[in-house]
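# Secondary and tertiary structure notes
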Amino acid sequence: DVEDEARRLIALLRAHGVEPGEPVAFQLPNWREAVVSFVALALGGYVLVPIVHIYGRKEVGFILEQSGAVAYVSPLAYGHVDYAAIVADAAPPSLRLHVVVGDDAPPPLANHVARVSWSACRAHAPQRELPHVRADDVAVLAYTSGTTSDPKGVIHDHRTMLAELTHMADYMTAGRSKLMGSPVTHATGMLGAVLGPLVTDQAIHLIDRWDPTHVLEVMREAQVGSGTGASVFLASLIDHPDFTARDAALINRVGLGGAPVPVALGERAAAHGITIIRAYGSTEHPSTTGASFDDSAEIRHRTDGRALGAVELRLVDEDGRDVPVGTPGEILSRGPDLCLGYTDPALTAAAFDDE
């Protein structure tokens, strides 16, 4: 079903002149259409430009312009963000098409951008012929705010993304499918909630607003676990007054990362019979280190594990000299899932060396 709808979205894009190899941005909450967009843009040979759904006009305008996005998929509005106004007032010259999710008759635009409804996909036959996509073709421009004023565009090709998924395979197959609250347009949700389950043949469970009371209700009804991602997801569940031993049994095993993981959280989880592991990475180098569910509690609760796969790490001081483990310093990493660089060559020059 996902592939059928994805091929219809490809046909819609092609009908509006959006050709393989061009960047297509999408800014969606954790909805079914976000999963379809991932599949369609990858199959269609497009460059995916996922934008976190809480980003506002300044960030979105910057990303659309720098990425050169020719199409943009979003609702008219969600939460505090008015996506329609962004396209109406801040669309760069490159943008030609706005595909609107959730409104079958979106208002037309007065500028150079054509606007169509996602429901128009139903009028198109599934795209049969797909372009040949090479491993070293750019697959994703993932924008991360990091510590800079403007978002940084991180470049990944299909090879780096697939390398990352091999790192995740053990985690994805260890235990039951999880209900995911991490945004699917962020690296954590993109990999853990969409691409990982697709590759490991697991069900995808998404929720677009994180309300612990509602999450517990969904867990019980669907018999799925939850709490994977940043610490707040798990903590908000086990701290909930309605949390029970049956809920803990559904969670069972959880991978945490993307934010600090307090030792106390691991210990509280263990008291409920929940096994946690910690991982460390970034949009630039997604899974740099990770623990194993078979590791001791000391390792799982107090460290981010070991270097994964072919990843190599160095810890250096400000002069580039190696420092002992446990000493503050800068982390240098390389490996098959390391990004190719940034969309801004100056940022690439500052962050990458010949190795």
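Below is a short write-up of the structure. (Residues numbered from 1 in each chain as written. Predicted model: local features only at pLDDT ≥ 70, side-chain atom pairs only at ≥ 80, totals over all residues. Heavy atoms only, no water.)

### As for the pattern of salt bridges
- A complete count under the given rule lists 22 salt bridges for this structure.
- Residue D4 pairs with R8 through a salt bridge whose shortest N-O separation is 2.9 Å. Of the two residues, D4 and R8 both sit in helix α1 (residues 2-15), 4 residues apart, roughly one turn of that helix.
- Classification of D4 by relative accessible area gives partly exposed; the value is 34%.
- For R8, a relative accessible area of 23% gives the class partly exposed.
- Between E19 and R14 there is a salt bridge; the shortest N-O distance is 3.8 Å.
- Its relative accessible area of 29% is what places R14 among the partly exposed residues. (Salt bridge = Lys/Arg side-chain N within 4 Å of Asp/Glu carboxyl O. Helix = DSSP H or I, 4+ residues; strand = E, 2+ residues; numbered from the N terminus. Buried < 20%, exposed > 50% of the residue type's maximum accessible area, 1.4 Å probe, protein only.)

### Describing the sheet that holds strand β9 (residues 205-206)
- Strand order in the open sheet formed by 3 strands is β9-β8-β10, with parallel pairing between adjacent strands. Every other strand in the sheet has two partners, leaving β9 and β10 (225-226) as the edge strands with one partner each.
- The sheet contact formed by strand β8 (residues 178-180) and β10 spans 2 bridges and is parallel. Bridged to L179 within β10 is S226. (Pairing = 2+ DSSP bridges.)

### A word on a nonpolar patch on the surface
- A grouping of Y280, L313 and I331 is seen on the molecular surface, where their side chains present a nonpolar patch of about 250 Å² in accessible area.
- By secondary structure assignment, the location of I331 is in strand β16 (residues 330-334). (Patch = residues over 30% accessible without salt bridge, like charges linked within 9 Å, V, L, I, M, F, W, Y side chains within 5 Å. Areas by Shrake-Rupley, 256 points an atom, 1.4 Å probe, with all protein chains shown as cover.)

### Quick notes on the packing of α1 against helix α2 (residues 32-43)
- At their nearest, the axes of α1 and α2 sit 8 Å apart, and the two run at 65 degrees to each other. The hand of the α1/α2 crossing is right-handed. On the side of α1, the interface is formed by V2, E3, E5, A6, L9, I10 and L13, while α2 contributes R32, V35, V36, S37, V39, A40, L41 and L43.
- Grouping the constituent residues of the contact of α1 with α2 by class yields 11 nonpolar, 1 polar and 3 charged. (Axes fitted to C-alpha atoms, helices over the stretch in contact; angles between N-to-C directions. Left-handed = near helix turned anticlockwise from the far one by under 90°. Contact = heavy atoms within 4.5 Å. Nonpolar A, V, L, I, M, F, W, Y, C, P; charged D, E, K, R; others polar.)

### Focus on unusual backbone geometry
- For Q223, which is not glycine, the phi torsion reads 60 degrees and is therefore positive.
- Mapped onto the elements, Q223 comes out in the loop between α7 (212-222) and β10.
- You can call Q223 partly exposed: its relative accessible area is 47%.
- Despite not being glycine, N252 shows a phi value in the positive range, around 65 degrees.
- Position of N252 relative to the elements: it lies in the loop between α9 (245-251) and β11 (253-256).

### Brief notes about the sheet that holds strand β13 (residues 289-290)
- On the basis of which strands lie adjacent, the open sheet formed by 4 strands has the order β11-β12-β13-β14 and mixed pairing. Edge strands, defined here as strands with exactly one partner in the open sheet, are β11 and β14 (306-307).
- Two elements, β13 and β14, share 2 bridges in a ladder whose sense is antiparallel. Note that in β14 the partner of G290 across the bridge is R306.

### As for α2
- Counted at 1.5 Å a residue, the expected span for α2 with its 12 residues is 16 Å, and the 17 Å between its end C-alpha atoms agrees.
- Extensive coverage of α2 is indicated by the burial of 9 of its 12 residues.
- Buried within α2 are the following residues: E33, A34, V35, V36, S37, F38, V39, A40 and L41.
- Contact partners of the buried residues in α2: α1, β1 (23-26), β2 (47-50), β3 (71-74), α6 (187-200) and β9.
- Once α2 finishes, G45 follows within two positions and takes phi at roughly 75 degrees, a positive value. (Expected span 1.5 Å × (residues − 1).)

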